[in-house]
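Each chain is listed here by its residues.
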Number of protein chains: 2
Amino acid sequence: MSTIPYKIYLEESEMPTQWYNVRGDMKKKPAPLLNPGTLQPMTIDELSGVFCRELAEQELDDTSRFIDIPEEIRNFYRMYRPSPLVRAYCFEEKLQTPAHIYYKFEGNNTSGSHKLNSAIAQAYYAKKQGLKGVTTETGAGQWGTALSMACSYFDLDCQVYMVKVSYEQKPFRREVMRTYGAKVTPSPSMETEVGRRINQEFPGTTGSLGCAISEAVEAATTQEGYRYVLGSVLSQVLLHQSVIGLETKAALDKYGIKADMIIGCAGGGSNLGGLISPFAGEILRGENQYEIIAVEPASCPSLTRGRYAYDFCDTGKVCPLAKMYTLGSGFIPSANHAGGLRYHGMSSVVSELYDQGILKARSVEQTSVFEAAEMFARVEGILPAPESSHAIRVAIDEALKCKETGEEKNIVFGLTGTGYFDMVAYQKYNDGEMNDYIPTDEELNVALSKLPKVE
Amino acid sequence: MSTIPYKIYLEESEMPTQWYNVRGDMKKKPAPLLNPGTLQPMTIDELSGVFCRELAEQELDDTSRFIDIPEEIRNFYRMYRPSPLVRAYCFEEKLQTPAHIYYKFEGNNTSGSHKLNSAIAQAYYAKKQGLKGVTTETGAGQWGTALSMACSYFDLDCQVYMVKVSYEQKPFRREVMRTYGAKVTPSPSMETEVGRRINQEFPGTTGSLGCAISEAVEAATTQEGYRYVLGSVLSQVLLHQSVIGLETKAALDKYGIKADMIIGCAGGGSNLGGLISPFAGEILRGENQYEIIAVEPASCPSLTRGRYAYDFCDTGKVCPLAKMYTLGSGFIPSANHAGGLRYHGMSSVVSELYDQGILKARSVEQTSVFEAAEMFARVEGILPAPESSHAIRVAIDEALKCKETGEEKNIVFGLTGTGYFDMVAYQKYNDGEMNDYIPTDEELNVALSKLPKVE
């Protein structure tokens, strides 16, 4: 038995007291959000109409390297953090690899994922500002659940627009949110103007994150005392999620382990950005080298096949423009896609780091993702979320490469959450009814041809 | 901020290396299992036809105080243990109680409950004996999931008979078991003789644990290389579950906390027996005093309204007789009962401890249980299993008593698992459609009148 435990837990006293803002270490900053009307950078006052003031400030702050985590948030974190960094001994044995595999497990909380790290921060600032409530969108439901939990903790109203296909595939998610007191509406709905417009334009649409965002933003800006909150993509979210990377780094340092490779799944980029930020910071400061791999679904391949350009963040085009790797705001993944990570664009921080070569990207197909999920579940005893399983897939591939070369690489991946609410997808896989779908260039070009003209 | 952390984790090196067998400290032992034909105590050879040999030995061993945990099992435990003992600061604040509330959380593994502690032990001994597979029953599905995980780890075939009402209410449980490679059959089925007989006798029955046990036992004894395993009730299961109590005690001792009251939910008694065993041992040895409370559903009240007598463990009457607090093996809880803990009898160890006055029992109604569950979920960030929420209910009641008296009691309760697969029940509660049901004396007497004649 090695001296490295199966699970490396930090003490509560070793938990980060500040978030790390990787933008502070970037010489070339991510491009600013633009006002879609004027095409000028969004000002703090403009942003504050949509977001809480302090969150808007965090969104625009690309120079501070560290930002204090308020005590109220740290107390909430203590209920489920520090999360374990797990040495995957059984997985290594199954794969017969000389690689050492570690995963940072963020699923040990009721939201079932890392999303809670930012949800509680956003709810806290909303409460501090004296708001009545917040609105948001959710895809697979992880973010909506996390926000419901956070709002119930701070006694805020919570209104969630849930992508229709997920709403139907995951009825129990809705009940968890209701148990935490949230109101959940399938999107596109008939309750907002933009929802009615999208329903008319695309009859029978199963919805998209971009569309649910438009509805939530409209709901926030048309109700007194409400603001909109978002679970990924934004720089503020990556800031909050840096707690994942900071803990991972601290746990590795505690045992003198140097990561060679860090792997994270990437949808909007919140988990990936949070996990890698302290490592990316070391690369940016020239202190260390790491191989960082973002893994995305082949059916929603924003980094590997998208364009680095300004685009709308939402289908209804009511949000600011962001420069990001994007498939176009009209892109909707094939309905057979079951694995989450379905946003059309990538966080501008992750996009810029990718553009600078700090990280690589890889796309994987969903049957191979569920194959990885099942293998992992059977030996490590955790049923992974399909999202997280994208990272598992590449961790397996890399561990098998090490088996060929004999390299004892230290592979770290982010296990962002659990799959308890994804059993419809697992059932499809178990029944052999899951297919892969890779969009053609022609299909991608339809949405890409509608990018806004900027500059 | 107190110096006691939110979550007390032991080091892996502080984990128990031996299980504790409370029977070793009992002067008056639990009554032996009887052969239903001869009414003589079951011999090791008779038991070995149904159970693995080493488990049969553990079942009959009422003198050893400690039994070594094999290294293979300890390695598996390391994947999800030690489990945290959580100081419920937020819950205390919500209740405005001077009491200090702690809970031992067993839900941080994919089976979602403490059941895995015994599942892995039973799978290990089956593998060691060279068996092909095991059969079992499951009610809410926690045990079946745990056993599926354990069997997949040791590459054993796993056949699960699932109580029909749960099979229908919890379709996703089946998929988790299938993901771990198990075969799941709703019970009573038409696949066994006893299943066909029960279906004929009680057409349209929604099944019961007692009935699923009969089917699983028949399946085990009619297939070469199979044995039957059981997730609760048996003394061997309580032995394995002592890991919960041992860790709880070690964590309390580490911070110099003396528990005043220990609360556990009780169905067949596996969690309760495991949680309380080291504390009960201290009472039995005259070293310490604790108030121990078993909490059961008012709709299935074996301890509070059952009879202490020999009874069949299963509906089909194929298993040994056990002396226990029982409602009669024909007792089936009202179909409106949603909260698990539906077994007709109570572990003979727990029954005997109860009879000796080492523990008290209390029954609670299900709407008050879900009310407690929701309150807890909202402030502690964990969505509890309905089973576990029985203990939460009484912890709340006791904490509120402390509020009246001003007592700073240390209340410890077992949070046995999570409720991710219980959203149908939560939905009923959220929709205001949940009712309470307390069986009348007349109803109870129907099943009690059919107890076997022993002595």
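Look a little higher up for the structure.
Nothing here was measured: the structure is a model prediction, and the numbers come from that model.

Caption draft 1: The arrangement of the interface of chain A and chain B in detail. At the junction of the two partners, chain A supplies 44 residues and chain B supplies 44 residues. When chain A packs against chain B, the two sides together hide about 4,300 Å² of surface, and 56% of this comes from carbon and sulfur. Between chain A and chain B we count 4 salt bridges in total. Counting every contact that joins chain A to chain B gives 27 residue pairs in polar contact (both at pLDDT 80 or more). Secondary structure elements with two or more residues in the side of chain A that touches chain B: α3 (71-80), α6 (142-154), α8 (171-179), α15 (366-380) and α17 (423-430) of chain A. With 6 residues, the top contributor of residues to the side of chain A that touches chain B is α8 of chain A.

Caption draft 2: Looking closely at the environment of Ala377 of chain A. Tracing the sequence through the fold places Ala377 of chain A in helix α15. On a C-alpha basis, the gap between Ala377 of chain A and Asp25 of chain A in space is 37 Å, while along the polypeptide they are 352 residues apart. Beyond its immediate sequence surroundings of up to four residues, Ala377 of chain A is in contact with Ile382, Leu383 and Pro384 of chain A together with Tyr180 of chain B.

Caption draft 3: Geometry of the pairing of strand β15 (residues 410-415) of chain B. Residues and elements named next belong to chain B. In terms of burial, β15 is a largely internal element, 6 of the 6 residues being buried. The pairing of strand β5 (residues 100-105) with β15 spans 6 bridges and is classified as parallel. Within β15, the position partnered with Tyr102 by the bridge is Val412. Note: strand β10 (residues 261-265) against β15, 3 bridges, orientation parallel.

Caption draft 4: Up close: the packing of aromatic side chains. For the structure shown, the criterion picks out 41 aromatic pairs over all chains. An angle of 75° between the planes, with centres 5.1 Å apart, marks the rings of Tyr103 of chain A and Phe376 of chain A as edge-to-face. Residue Tyr103 of chain A is found in strand β5 (residues 100-105), and its partner Phe376 of chain A is found in helix α15; the two are separated by 273 residues along the sequence. For Tyr103 of chain A, a relative accessible area of 1% corresponds to the buried category. Given the relative accessible area of 0%, Phe376 of chain A is considered buried. Relative to Phe376 of chain B, the ring of Phe91 of chain B lies with its centre 5.2 Å away and its plane at 90°, an arrangement referred to as edge-to-face. Residue Phe91 of chain B is located in helix α4 (residues 89-95), and its partner Phe376 of chain B is located in helix α15 (residues 366-380); the two are separated by 285 residues in the primary sequence. Residue Phe91 of chain B is classed as buried on the basis of its relative accessible area of 0%. By the ring-pair criterion, three or more aromatic residues cluster together here, those being Phe76, Tyr77, Tyr80, Tyr124, Tyr125, Tyr153 and Phe154 of chain A. The lysine or arginine in question, Lys323 of chain A, covers the ring of Tyr308 of chain A, its NZ or CZ lying 4.5 Å from the ring centre.

Caption draft 5: Seen up close, helix α8 (residues 171-179) of chain B. With respect to burial, α8 of chain B is a largely interior element, 7 of its 9 residues being buried. Backbone geometry just after α8 of chain B places Gly181 of chain B at a positive phi near 90°.

Caption draft 6: A look at the relation of the copies chain A and chain B. The two copies are related by a screw motion: chain A maps onto chain B through a turn of 180° and a shift of 0.0 Å along the axis, at an RMSD of 0.0 Å. In the structure described here, the two chain copies are related by an operation that fits a two-fold rotation axis. A high fraction, 100%, of the interface residues of chain A reappear at the interface in chain B, so the copies pair face to face through one surface.

Caption draft 7: View of the packing of helix α9 (residues 193-201) of chain A against helix α10 (residues 209-221) of chain A. All names here are of chain A. Remark: α9 packs on α10, axes separated minimally by 8 Å, with the N-to-C direction vectors making an angle of 150°. Taken together, the axes of α9 and α10 are roughly antiparallel relative to one another. The segment α9 lies against α10, with Glu193, Val194, Gly195 and Ile198 engaging Cys211, Ser214, Glu215 and Glu218. For the contact of α9 with α10, the per-class residue count stands at 3 nonpolar, 2 polar and 3 charged.

Caption draft 8: Structural view of the pattern of salt bridges. For the coordinates displayed, the defined rule picks out 54 salt bridges over all chains. Across the pair Asp45 of chain A and Arg53 of chain A runs a salt bridge whose closest N-O atoms are separated by 2.9 Å. The class for Asp45 of chain A is exposed, based on a relative accessible area of 54%. Arg81 of chain B is the partner of Glu247 of chain B in a salt bridge, and the nearest nitrogen-oxygen pair spans 2.9 Å. Linking Glu247 of chain B in helix α11 (residues 235-254) with Arg81 of chain B in the loop between α3 (71-80) and β4 (85-87), this pair joins segments that are 166 residues apart in sequence.

What counts, and where the lines are drawn
Residues numbered from 1 in each chain as written. Chains lettered and ligands numbered in written order. Predicted model: local features only at pLDDT ≥ 70, side-chain atom pairs only at ≥ 80, totals over all residues. Heavy atoms only, no water. Contact = heavy atoms within 4.5 Å. Buried area = accessible area lost by both parts, 1.4 Å probe. Salt bridge = Lys/Arg side-chain N within 4 Å of Asp/Glu carboxyl O. Polar contact = N/O pair within 3.5 Å; in protein donor to acceptor, adjacent residues only side chain to side chain. Helix = DSSP H or I, 4+ residues; strand = E, 2+ residues; numbered from the N terminus. Buried < 20%, exposed > 50% of the residue type's maximum accessible area, 1.4 Å probe, protein only. Pairing = 2+ DSSP bridges. Phe/Tyr/Trp six-rings, centres within 6.5 Å; stacked < 30°, edge-to-face > 60°. Lys NZ or Arg CZ within 6 Å of the ring centre and 35° of its normal. Least-squares fit on C-alpha atoms with pLDDT ≥ 70 in both. Axes fitted to C-alpha atoms, helices over the stretch in contact; angles between N-to-C directions. Parallel < 35°, antiparallel > 145°, perpendicular 65-115°, else oblique. Nonpolar A, V, L, I, M, F, W, Y, C, P; charged D, E, K, R; others polar.

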